[in-house]
Amino acid sequence: MSDMLKAIDIITVLTNLDAKYVTLFLISISKAFNVAPGPRYEREMSEIYDFYLNAPVSREEFIQAFMNSKGLVISGEVDQPTYRMLLRESLVKGIEPRDTFNFIREKFKNI
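Residues numbered from 1 in each chain as written. Predicted model: local features only at pLDDT ≥ 70, side-chain atom pairs only at ≥ 80, totals over all residues. Heavy atoms only, no water.

Asker: Please give an account of the confidence of the model for the protein that cites residues and values.
Answerer: Overall, the prediction assigns the protein a mean pLDDT of 88, with 99% of residues at 70 or greater. By mean pLDDT, the top-scoring element of the protein is helix H6 (residues 100-109) (96), and the lowest-scoring one is helix H3 (residues 41-53) (77). (pLDDT = per-residue confidence, 0-100. Helix = DSSP H or I, 4+ residues; strand = E, 2+ residues; numbered from the N terminus.)

Pasting the structure below:
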């Protein structure tokens, strides 16, 4: 729990987003990538933060793109490694966050 609270605080400060929205984002990240509290939590979240911090878009755009497309990975329609690859591709190509879901779904069908 303390790790999650630290993460909420850090991301809220970095993005100036509402703490409630950031909390929902982190819960969704945890759910999408099966990150459970425990000894590996900090390491696994660190890998996700690296992906997040190195994304070629603003932090807010990344969160919006993820929140709009997370259902694909949470439902199992797209596996985690492929989802990460296609999410990054959508960000690199400048796909609008609201269009990320459709972009990933279409690309996954063609793999």
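Asker: Lay out the packing of aromatic side chains in plain terms, naming residues and giving numbers.
Answerer: The tally for this structure, following the rule as stated, stands at six aromatic pairs. Aromatic pair Phe33 and Tyr83: ring centres 6.1 Å apart, planes at 50°, arrangement tilted. With Phe33 in the loop between helix H2 (19-32) and H3 and Tyr83 in helix H5 (residues 80-92), the pair connects residues that are 50 residues apart, well separated along the chain. Exposure remark for Tyr83: the relative accessible area of 0% places this residue in the buried category. One aromatic cluster is present, built from ring pairs that chain together Phe25, Phe33, Phe51, Phe62, Phe66 and Tyr83. (Phe/Tyr/Trp six-rings, centres within 6.5 Å; stacked < 30°, edge-to-face > 60°. Buried < 20%, exposed > 50% of the residue type's maximum accessible area, 1.4 Å probe, protein only.)

Asker: Quick rundown of helix H1 (residues 2-15)? Include the residues and the values.
Answerer: Here H1 spans 20 Å end to end across 14 residues, near enough to the 20 Å set by a 1.5 Å rise per residue. When we look at burial in H1, the residues that qualify are Met4, Ala7, Ile8, Ile11, Thr12 and Thr15. An end-on view of H1 places all buried positions within 125° of arc, on one side of the element. Projecting away from the buried face of H1 at angles above 90 degrees are the exposed residues Leu5 and Val13. Buried-residue contacts for H1 involve H2, H3 and helix H4 (59-74). Taken from the residues just after H1, Asn16 is the one with a positive phi, measuring 60°. (Expected span 1.5 Å × (residues − 1). Arc of directions from axis to C-beta. Contact = heavy atoms within 4.5 Å.)

Asker: Tell me about the nonpolar core, and please be specific about residues and values.
Answerer: One finds Phe25, Leu26, Phe62 and Phe66 to be the most contacted residues of the largest nonpolar core, which totals 32 residues. Those elements that place two or more of their residues in this core are H1, H2, H3, H4, H5 and H6. Among the elements that make up this core, the one with the highest residue count is H4 (seven residues). Once residues lying within four places of it in the same chain are set aside, the contact partners of Phe66 are Phe25, Ser28, Ile29, Ala32, Phe33 and Tyr83. (Core = buried A, V, L, I, M, F, W, Y, C linked by side-chain atoms within 4.5 Å.)

Asker: Kindly report on H2, identifying the contributing residues and their values.
Answerer: With 14 residues, H2 extends 20 Å from end C-alpha to end C-alpha; this agrees with the ideal 20 Å at 1.5 Å per step. Among all positions in H2, only Val22, Phe25, Leu26, Ser28, Ile29, Ser30 and Ala32 are buried. Against the buried residues of H2 lie H1, H3, H4 and H5. Put simply, Asp18 is the residue that caps the front of H2, since its side-chain oxygen is 3.0 Å from the backbone nitrogen of Lys20. The first or second residue beyond H2 is Asn34, which carries a positive phi of 50°. (Polar contact = N/O pair within 3.5 Å; in protein donor to acceptor, adjacent residues only side chain to side chain.)

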